[in-house]
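Residues per chain, in single letters:
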Amino acid sequence: MDKQQKGFTLIELMIVIAIIGILAATAIPYFQDYATRSKVSEAIAYAAAAKAAVSECILADGGVGNCGSNSDVGLGTASTITSKYVESVSVAANGVITVAVQGTAQAGLDAGSITMTPAYDQNQGVDWVCAISSAALNKFMPRECRI
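The paragraphs below set out a description of the structure included in this document. (Residues numbered from 1 in each chain as written. Predicted model: local features only at pLDDT ≥ 70, side-chain atom pairs only at ≥ 80, totals over all residues. Heavy atoms only, no water.)

### Concerning the overall build of the protein chain
Note the cut-off: A run of DSSP states H or I qualifies as a helix once it reaches four residues; a run of E qualifies as a strand once it reaches two. Both are numbered from the N-terminal end. Each radius of gyration is computed over the set of C-alpha atoms, and the globule rule expresses the reference value as 2.2 Å times the number of residues to the power 0.38. Each residue gets one of three labels from its accessible area relative to the maximum for its type: buried under 20%, exposed over 50%, partly exposed in between, using a 1.4 Å probe on protein chains only. When checking whether two residues touch, look at their non-hydrogen atoms; a contact exists if any pair is within 4.5 Å. For the area figures, the Shrake-Rupley method with a 1.4 Å probe applies, and any residue is considered shielded solely by the protein chains shown.
Each helix and strand in the protein chain was counted, giving one helix and four strands. Secondary structure elements in the protein chain, listed N-terminal to C-terminal, are α-β-β-β-β. For the protein chain, whose C-alpha radius of gyration is 24 Å, the value lies well above the compact-globule estimate of 15 Å for 147 residues. Each principal axis of the C-alpha distribution contributes one length, and for the protein chain these read about 95 × 35 × 25 Å. Every one of the 147 residues in the protein chain was classed for burial, and the buried ones make up 32%. For the protein chain, restricting intrachain contacts to residue pairs at least 6 apart in sequence, the fraction spanning at least 24 positions comes to 40%. Within the structure as shown, the protein chain displays about 9,300 Å² of accessible surface, and the carbon and sulfur contribution to it stands at 58%.

Given below as structure tokens:
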């Protein structure tokens, strides 16, 4: 009578462990980039709220002249608009929005800033031009803000 083999051989288990190791080695960097990208998107979301306030001010006043500070556009002070990854959101002359991003080593995020500049056209409305201060932030930014 033949005995039936039960279970896996040692070589089969070693092959499975090697495959899992290779998959993990390639997936972990992608996951870390994805996590950092989500932290940068938080800064973009904070900028979106400020963009709406500045756009409303520009359209109401017919230009960027009276939209040069947080209080002019109806936002709180720059130091009160913060989060774990956003240091401040400020509106400067001509409606230029600057979002200061806090760098944190454990999050894999470098400090820098995102600047949104309004371009007003009476017929077209308000369009925004995005710029970043740190080349390290570049790969984590949405496509329209990359250098």
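From this point, the narrative continues.
### As for a nonpolar patch on the surface
As a reminder of what qualifies: Here the term patch refers to residues with relative accessible area over 30% and no salt bridge, with like charges joined within 9 Å and nonpolar side chains (Val, Leu, Ile, Met, Phe, Trp, Tyr) within 5 Å. Whenever Lys or Arg places a side-chain nitrogen within 4 Å of a carboxyl oxygen from Asp or Glu, that contact is recorded as a salt bridge.
Residues Leu10, Ile11, Met14, Ile15, Ile19 and Leu23 make up a contiguous nonpolar surface patch of about 630 Å² in total accessible area. Structurally, the position occupied by Ile11 is in helix 1 (residues 10–61). You can call Ile11 exposed: its relative accessible area is 53%.

### Quick notes on the pairing of strand 2 (residues 97–101)
What counts is decided by this rule: Here the rule is simple: two strands pair whenever DSSP picks up at least two bridges between them.
Counting buried residues along strand 2, four of its five residues qualify, which places the element largely inside the surrounding structure. Across five bridges, the pairing between strand 1 (residues 86–91) and strand 2 is antiparallel. Directly across from Ser90, in strand 2, lies its bridge partner Thr98. As consecutive antiparallel partners, strand 1 and strand 2 are separated by five residues, and within that stretch Asn94 has a phi angle of approximately 65°, a positive value. Note that strand 2 and strand 3 (residues 112–121) share five bridges and pair antiparallel. The residue of strand 3 that forms the bridge with Val101 is Gly112.

### Regarding the state of the cysteines
So the rule is basically this: What counts as a disulfide here is a pair of cysteine sulfur atoms lying within 2.5 Å.
In the structure shown here, the tally under the stated rule is one disulfide. Between Cys57 and Cys67 runs a disulfide, and the two sulfur atoms are separated by 2.1 Å. With the S-S dihedral at roughly -95°, the linkage between Cys57 and Cys67 falls on the left-handed side. One end of the pair, Cys57, is in helix 1; the other, Cys67, is in the loop between helix 1 and strand 1, and 10 residues separate them in sequence. Cys57 gets classed as buried once you look at its relative accessible area, which sits at 11%.

### Regarding the sheet that holds strand 4 (residues 125–132)
Rule in force here: To define axes, lines are fitted to C-alpha atoms, for helices over the stretch in contact only, and angles between the resulting N-to-C directions are given on a 0 to 180 degree scale.
Read from one edge to the other, the open sheet built from four strands follows the order 1-2-3-4, with strand pairing classed as antiparallel. Each having just a single partner strand, strand 1 and strand 4 make up the two edges of the open sheet. On average, each strand axis in the sheet is tilted by 15° relative to the strand beside it, whichever way the strands run. With respect to the sheet, helix 1 is in contact with strand 1, strand 2, strand 3 and strand 4, its orientation differing from that of strand 3 by roughly 25°.

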